[in-house]
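Structural overview
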Amino acid sequence: MNDLSHAWLAARAAMPPSRLLPAWLATALETEFGPQSGTIAALWSARHPHVLREDGSTGVDARHEEYADIFELLLEHAPAGDIHSISIARWIALSCCGQDHLWEDLGLPERPALGALLARRFPALHARNVHNLRWKKFFYKQLCDRAEVKACRAPSCTVCSEYAGCFEGSA
């Protein structure tokens, strides 16, 4: 077990019971992660209190206009009619509005867990990340490529302590 996994376990132990999650998200997490779903839900809801409403529904603010674009990108790569993948896509798109690495904003224990999830649910999109970019950066790069924008970065990258590691020398 690496340091990140230990930190995740420590965070799990310290988390209060999760807020009321929307049924679609609770079901998706339980189906995808089984016994870890409660921990992931608690970490996710703690990181995104602005996204969870009192009634358990979700919303994003005007600052995150690209939520719909990321959701659409994921849906384009989801198996047709797979309700579970649609729920996972929505969860990922909502989490892209967070300020940290996407795997952290999802409440996952480490980055490889996100890669494995994307490989299972969105294999064609996963396969396109041939340079092993950080996932949030990769999604935004896909959107920028569509719009033919040359300089592209995820919205919270400039405030990240690992900015240089992600962007130095990248195309």
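Structure shown above.
A brief structural summary. Computed from a predicted structure; not experimentally measured.

Rules and cut-offs
- Residues numbered from 1 in each chain as written.
- Predicted model: local features only at pLDDT ≥ 70, side-chain atom pairs only at ≥ 80, totals over all residues.
- Heavy atoms only, no water.
- Helix = DSSP H or I, 4+ residues; strand = E, 2+ residues; numbered from the N terminus.
- Buried < 20%, exposed > 50% of the residue type's maximum accessible area, 1.4 Å probe, protein only.
- Contact = heavy atoms within 4.5 Å.
- Areas by Shrake-Rupley, 256 points an atom, 1.4 Å probe, with all protein chains shown as cover.
- Axes fitted to C-alpha atoms, helices over the stretch in contact; angles between N-to-C directions.
- Left-handed = near helix turned anticlockwise from the far one by under 90°.
- Salt bridge = Lys/Arg side-chain N within 4 Å of Asp/Glu carboxyl O.
- Patch = residues over 30% accessible without salt bridge, like charges linked within 9 Å, V, L, I, M, F, W, Y side chains within 5 Å.
- Parallel < 35°, antiparallel > 145°, perpendicular 65-115°, else oblique.
- Nonpolar A, V, L, I, M, F, W, Y, C, P; charged D, E, K, R; others polar.

1. Some details on the overall build of the protein chain
Within the protein chain, the secondary structure is distributed over 10 helices and 0 strands. Along the protein chain, from the amino end to the carboxyl end, the secondary structure elements read α-α-α-α-α-α-α-α-α-α. Here the protein chain holds 171 residues, and 47% of them are scored as buried. For the protein chain, restricting intrachain contacts to residue pairs at least 6 apart in sequence, the fraction spanning at least 24 positions comes to 64%. When the accessible surface of the protein chain is summed, it comes to about 9000 Å², and 55% of that surface belongs to carbon and sulfur atoms.

2. Topic: the side chain of Glu32
When you line up the elements, Glu32 lands in helix H2 (residues 23–33). For Glu32, a relative accessible area of 13% translates into the label buried.

3. Regarding the packing of helix H5 (residues 83–95) against helix H7 (residues 111–121)
Orientation of H5 relative to H7, taken along the N-to-C sense of each, is 140 degrees, at an axis distance of 11 Å. By crossing handedness, the relation of H5 to H7 is classed as left-handed. For the pair H5 and H7, contact is made by His84, Ser85, Ile88, Trp91 and Ile92 and by Leu117, Leu118 and Arg121, respectively.

4. Observations concerning the pattern of salt bridges
Under the criterion given, the structure shown has 8 salt bridges. The partner of Lys136 in a salt bridge is Asp105, and the shortest N-O contact between them spans 3.6 Å. With Lys136 in helix H9 (residues 135–147) and Asp105 in helix H6 (residues 102–106), this pair connects stretches of sequence that are 31 residues apart. In this structure Lys136 comes out as buried when scored by relative accessible area, which is 6%. According to the relative accessible area criterion, Asp105 is buried, its value standing at 2%.

5. Here's the deal with a nonpolar patch on the surface
A contiguous nonpolar patch, built from Leu75, Ile83 and Ile86 and spanning about 250 Å² of accessible area, is present on the exposed surface. Mapping Ile83 onto the fold places it in helix H5. By relative accessible area, Ile83 is classed as exposed at 61%.

6. Quick word on the packing of H2 against H5
The geometry of H2 relative to H5 is characterised by a closest axis approach of 9 Å and an angle of 105 degrees between their N-to-C directions. Taken together, the axis directions place H2 and H5 in an arrangement best described as roughly perpendicular. Contacts from Trp24, Leu25, Ala28, Leu29, Thr31, Glu32 and Phe33 of H2 reach H5 at His84, Ser87, Ile88, Arg90, Trp91 and Leu94. Grouping the amino acids of the contact of H2 with H5 by side-chain chemistry returns 8 nonpolar, 3 polar and 2 charged.

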